[in-house]
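These are the residues of each chain, in order.
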Amino acid sequence: WCGGRRGGGGVPSAAGGGMYETGGGGLTLPQARVVGSQACASGGAAYITGATGAVVGAQVLRCHAGSKGGVFHVLQGRLAIAQSTFVACTAAVHGGAFHLEGGSLAVQHSHVSGCRAGNGGARYLGGQDASATRGGVGSGACAGTGNGGA
């Protein structure tokens, strides 16, 4: 579905279907609604590398990554999520909703449902310095065809 093209005109980009955040900057998504965002490789909605991100009150539906992180792919960054909903997001390989390679992911008072991936239906932690915390998080019907549903 990528056809070798990047971004624009409804064609998915290689990384970060909707947003690509790098360096010392920060990604902030207050009350955002993201529907159907896609990336050929990683981060169906956003790819975050070496940066910080804050997502509060977001509603994310039907995002897809051809490889890792149906919603977010975080590489050596920090992402904090609160009061958000993620539904029916997929990744072909790792992390139907979230894929973390180093850095940290904190999810509070949010809901993840119907997300699917080869490994880690809701989230996948890769790399020895990746960490995730959660509190008040509901999940339902997430599945990993290889390992780990939620």
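Conventions used here
Residues numbered from 1 in each chain as written. Predicted model: local features only at pLDDT ≥ 70, side-chain atom pairs only at ≥ 80, totals over all residues. Heavy atoms only, no water. Helix = DSSP H or I, 4+ residues; strand = E, 2+ residues; numbered from the N terminus. Buried < 20%, exposed > 50% of the residue type's maximum accessible area, 1.4 Å probe, protein only. Contact = heavy atoms within 4.5 Å. Areas by Shrake-Rupley, 256 points an atom, 1.4 Å probe, with all protein chains shown as cover. Pairing = 2+ DSSP bridges. Axes fitted to C-alpha atoms, helices over the stretch in contact; angles between N-to-C directions.

Caption draft 1: Structural context of the overall build of the protein. Scanning the protein from N- to C-terminus turns up zero helices and 18 strands. The 150 residues of the protein split such that 46% are buried. Excluding contacts between residues fewer than 6 apart, the proportion of contacts in the protein whose partners are at least 24 apart in sequence is 83%. Of the roughly 6400 Å² of accessible surface on the protein, 50% is carried by carbon and sulfur atoms.

Caption draft 2: Structural context of the side chain of Ser 84. Within the element layout of this structure, Ser 84 appears in the loop between strand 10 (72-82) and strand 11 (85-87). When near neighbours in sequence (up to four residues on either side) are disregarded, Ser 84 contacts Val 55, Val 56, Gly 57, Ala 58, His 109, Ser 110 and His 111.

Caption draft 3: Layout of the pairing of strand 5 (residues 38-42). Pairing between strand 1 (residues 13-15) and strand 5: two bridges, direction parallel. Along strand 5, the bridge assignment pairs Ser 13 with Ala 39.

Caption draft 4: Molecular detail of the sheet that holds strand 11. In space, the five strands of this open sheet follow the order 4-8-11-14-17, with parallel pairing throughout. Here the strands that pair on one side only, and so sit at the sheet edges, are strand 4 (33-35) and strand 17 (138-140). Across the sheet, the axes of successive neighbouring strands diverge by a mean angle of 5°, strand direction being ignored. The sheet contact formed by strand 8 (residues 59-61) and strand 11 spans three bridges and is parallel. From the neighbouring strand, Gln 59 faces strand 11, where its bridge partner is Thr 85.

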